[in-house]
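# Tertiary structure, described
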Amino acid sequence: MRASILITSALLVPALLSACAGHGTASTAVGQAPTVHAYTAQDKAYLSSTVPVRADRVLLYVHGVGCPLCASGVDTAIMRLPGVTSSSLNLATNTVMVAMSGPDRPTPAQFNRAVALDFTLVKIEELR
């Protein structure tokens with residue numbers, strides 16, 4: 001029985017990862033169209049800013065996240081940034097809601113680097 005569990009795990013994990021944008025070709029669940037966010041040149045330029053965000057919440061628009069494992073990695077990277085108190089990635093919309101508090105805040109460039117480890121940040125929307 002133990003051998004069958006190991007064999008099943010060895011077959012299942014690669015199959016799950018092969019459907020993940022970060023580990024394979026597909027960027028969404030089977031039969032689901034990828035989410036593509038519209039953005040402007042100004043949005044793209046803002047991603048390199050080194051001025052800390054002022055808002056208590058931001059919405060990050062991300063391309064390429066396709067599975068819960070990816071979402072966990074993005075959330076973990078964002079939670080390491082200064083002042084971030086919560087991060088929640090929505091797989092259906094490929095957006096990340098980030099809450100912050102305190103005087104230290106991440107810059108758009110820091111958000112960009114955190115997401116760019118595996119995916120593409122295309123826009124940051126500061127929420128009031």
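Everything that follows concerns the structure shown earlier in this document.
In short, a report on the structure. Here the structure is a predicted model, which is why all the values come from computation and not from measurement.

### Side note on the overall build of the chain
Each helix and strand in the chain was counted, giving four helices and four strands. Going residue by residue from the N terminus, the α and β elements of the chain occur as α-α-β-α-β-β-α-β. For the chain, the proportion of contacts with a sequence separation of at least 24, taken over those separated by at least 6, is 69%. As displayed, the chain has an accessible area near 7,500 Å², and 61% of this comes from carbon and sulfur atoms.

### What about the sheet that holds strand β3 (residues 95–100)?
Reading across the sheet, the four strands line up as β2-β3-β1-β4 and stay open at both edges, with antiparallel pairing between neighbours. Sheet topology places β2 (84–90) and β4 (120–127) at the edges, where each strand pairs with a single neighbour. Taken over all neighbouring pairs, the strand axes of this sheet differ in orientation by 20 degrees on average, direction set aside. Relative to β3, β2 runs antiparallel, the two being bridged by six bridges. For Ser86, the partnering residue across the bridge sits in β3 and is Ala99. Sheet contacts for helix α3 (residues 68–79): β1 (57–63), β2 and β3; angle to β2, the most-contacted strand, approximately 160 degrees. Here helix α4 (residues 108–115) sits on the sheet in contact with β1, β3 and β4, set at roughly 140 degrees to β4.

### Details of the side chain of Arg105
Within the fold, Arg105 resides in the loop between β3 and α4. Overall, Arg105 belongs to the buried group, its relative accessible area being 14%. A polar atom in the side chain of Arg105 sits 2.9 Å from the side chain of Asp56. A distance of 2.9 Å separates a polar atom in the side chain of Arg105 from the backbone oxygen of Gly102. If we skip the residues at most four places from it in the chain, Arg105 touches Pro52, Val53, Arg54, Ala55, Asp56, Pro82, Met100 and Gln110.

### As for the side chain of Asp75
Within the element layout of this structure, Asp75 appears in helix α3. Here Asp75 occupies a buried position and makes no salt bridge, while the nearest side chain of opposite charge, Arg80, is found at 12 Å. Among residues more than four places away in sequence, those in contact with Asp75 are Ser87, Ser88, Leu89 and Val96.

Cut-off values and rules
Residues numbered from 1 in each chain as written. Predicted model: local features only at pLDDT ≥ 70, side-chain atom pairs only at ≥ 80, totals over all residues. Heavy atoms only, no water. Helix = DSSP H or I, 4+ residues; strand = E, 2+ residues; numbered from the N terminus. Contact = heavy atoms within 4.5 Å. Areas by Shrake-Rupley, 256 points an atom, 1.4 Å probe, with all protein chains shown as cover. Pairing = 2+ DSSP bridges. Axes fitted to C-alpha atoms, helices over the stretch in contact; angles between N-to-C directions. Buried < 20%, exposed > 50% of the residue type's maximum accessible area, 1.4 Å probe, protein only. Polar contact = N/O pair within 3.5 Å; in protein donor to acceptor, adjacent residues only side chain to side chain. Lys, Arg positive; Asp, Glu negative; His and termini not counted. Salt bridge = Lys/Arg side-chain N within 4 Å of Asp/Glu carboxyl O.

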